[in-house]
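One-letter residues, chain by chain:
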Amino acid sequence: MTVIATEGLSKRYPKVTALDRLTVDVAPGVTGLVGANGAGKSTLIKILLGLSPATEGRASMLGLDVATEGAEIRSLVGYMPEHDCLPPDVSATEFVVHMARMSGLPPTAARERTADTLRHVGLHEERYRPIGGYSTGMKQRVKLAQALVHDPKLVLLDEPTNGLDPAGRDEMLGLIRRVHTDFGISVLVTSHLLGELERTSDQIVIIDGGRLLRSSSTSDFTQTTASLAVEVTDSDRHPDGTRALRAALDLAGVKVDGSGHVLLVDLEGDETYDKVRDAVAELGLGLVRMEQRRHKIAEVFQPAGITDSPNPQNEGASSDAA
Ligand SMILES: Nc1ncnc2c1ncn2[C@@H]1O[C@H](COP(=O)(O)OP(=O)(O)OP(=O)(O)O)[C@@H](O)[C@H]1O
């Protein structure tokens, strides 16, 4: 089952190909769409929402064709835009009630759903104050609330952590996770930060220059890239214990990376632990450390421009906007 499917989807502007024959399936759950600035994330979202036509190819959400069934899609899908789009003079409650009414909820249901949703995103007394006085984090929560208020089956969140400090990011990522676990709503969330989506998502889709670089479940990705960090002592017989161990593991057919005193051993299964232990014992070295290290996706897979830490330039731009 897929919640989003694209087939040969392209978007060409006169000077730029923003999406280049993208074919990808997104399963239910939380999916991270990762790419550097300009990779084509927002373009994909706009095509999916029917806000911008594709140059070629096809796309569907929840089994509905985005080119012809836009109205139905909008009743089932929520959208949190990247940039600030909130009216400063009204309160969160007024704004979210309005958005709920626009989605077709009757007045009483709109008010009830608004109260529930604002509580869920953690806006309390402030919800009666004008949005213009809110912090960036509070504005992001209002944007998330309006995407959820009509109880959609799927939400598209465009850079929801932009402009937030580390604590704010963690809270937002926790909220996003709960959107799925508490309400069963599927989520497509974009970010240029691989690390944060790795923690939050069941599936990761990586695009670069409008092209699909990789799509897989997060657990597949991290399992296949796990390694053991191993550190050993030297001995009289082996004054460079690390080097001796590296040679012994090579002979045993175990792939080893890393430089300096820490060896990174490819973790292929439980037998890798045994092979390392046996090699260390045979050499008569002391084992200082043997611990599993999951590669961060960013270490394994690093297209130009995708980072594992907040991009100050982007952060600045976004806080200004918000
Ligand atoms: N209306 C437009 N006209 C011309 N080029 C555009 C237009 N919209 C987007 N682009 C270009 O298409 C490419 C993809 O842009 P897009 O906004 O989808 O990237 P993104 O991955 O969402 O990045 P960001 O996080 O910076 O928004 C970029 O090179 C951008 O300059």
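Presented here is an overview of the structure given in this document. Quick caveat, the model's predicted, so the values are computed rather than measured.

By nearness alone, every residue bordering the ligand is listed as Y13, V16, A18, G35, N37, G38, A39, G40, K41, S42, T43 and E159. A per-element tally of the shell around the ligand places helix 1 (residues 41–48) first, with 3 residues. Looking at the shell around the ligand, its residues break down into 4 nonpolar, 6 polar and 2 charged.

Right, let's talk about the pairing of strand 7 (residues 154–157) for a bit. Residues of strand 7 alternate between two faces, with L154 and L156 on one and V155 and L157 on the opposite face, all of them buried. Direction of pairing for strand 6 (residues 77–80) relative to strand 7: parallel, over a ladder of 4 bridges. Each residue of the ladder has a partner; that of G78, found in strand 7, is V155. Bridging between strand 7 and strand 8 (residues 186–191) involves 4 bridges; their strand directions are parallel. Among the inter-strand pairings, L156 is bridged to a residue of strand 8, identified as L188. Handedness of the crossover joining strand 7 and strand 8 through helix 6 (residues 166–183): right-handed.

Before going further, it helps to spend a moment on the packing of helix 9 (residues 241–251) against helix 10 (residues 270–283). Two packed helices can be described by the angle between their axes and the distance between those axes. One can describe the packing of helix 9 onto helix 10 by two numbers: an axis separation of 10 Å at closest approach and a directional angle of 125°. Our classification of the angle between helix 9 and helix 10 gives oblique. The interaxial crossing formed by helix 9 with helix 10 has right-handed handedness. Seen from helix 9, the contacting residues are A244, L245, A248 and L249; seen from helix 10, they are K275, V276, A279, V280, E282 and L283.

How each quantity is defined
- Every chain is numbered independently, its residues counted from 1 as its sequence is written.
- Given that this is a predicted model, residues contribute local features only at a pLDDT of at least 70 and side-chain atom pairs are listed and counted only at 80 or more, while totals for whole chains, interfaces and linings are drawn from all residues.
- For each residue, a C-beta position is placed from the backbone atoms; the residue is near a molecule or strand when that point lies within 6 Å of it.
- Secondary structure follows DSSP: runs of H or I at least 4 residues long count as helices, runs of E at least 2 residues long count as strands, and numbering of each begins at the N terminus.
- Polar here means any residue other than Ala, Val, Leu, Ile, Met, Phe, Trp, Tyr, Cys and Pro, which are nonpolar, and Asp, Glu, Lys and Arg, which are charged; Gly is therefore polar.
- Counting other C-beta atoms within 10 Å of its own, a residue is labelled buried from 20 upward, exposed at 12 or fewer, and partly exposed in the gap between, with every C-beta atom placed from the backbone.
- Two strands are said to pair when DSSP picks up at least two bridges between them.
- A crossover gets the label right-handed when its path from the first strand over the helix to the second runs clockwise, viewed with the strands pointing away from the viewer.
- For helices, the fitted axis covers only the stretch in contact; all axes are lines through C-alpha atoms, and the angles between them, taken along N-to-C directions, range from 0 to 180 degrees.
- Roughly parallel covers angles under 35 degrees, roughly antiparallel covers those over 145, roughly perpendicular covers 65 to 115, and oblique covers all other angles.
- Here a crossing is taken to be left-handed if its near helix is turned anticlockwise relative to the far helix by less than a right angle, and right-handed if that turn runs clockwise.
- Contact between residues is assigned whenever the C-beta positions, reconstructed from backbone atoms, fall within 7 Å.

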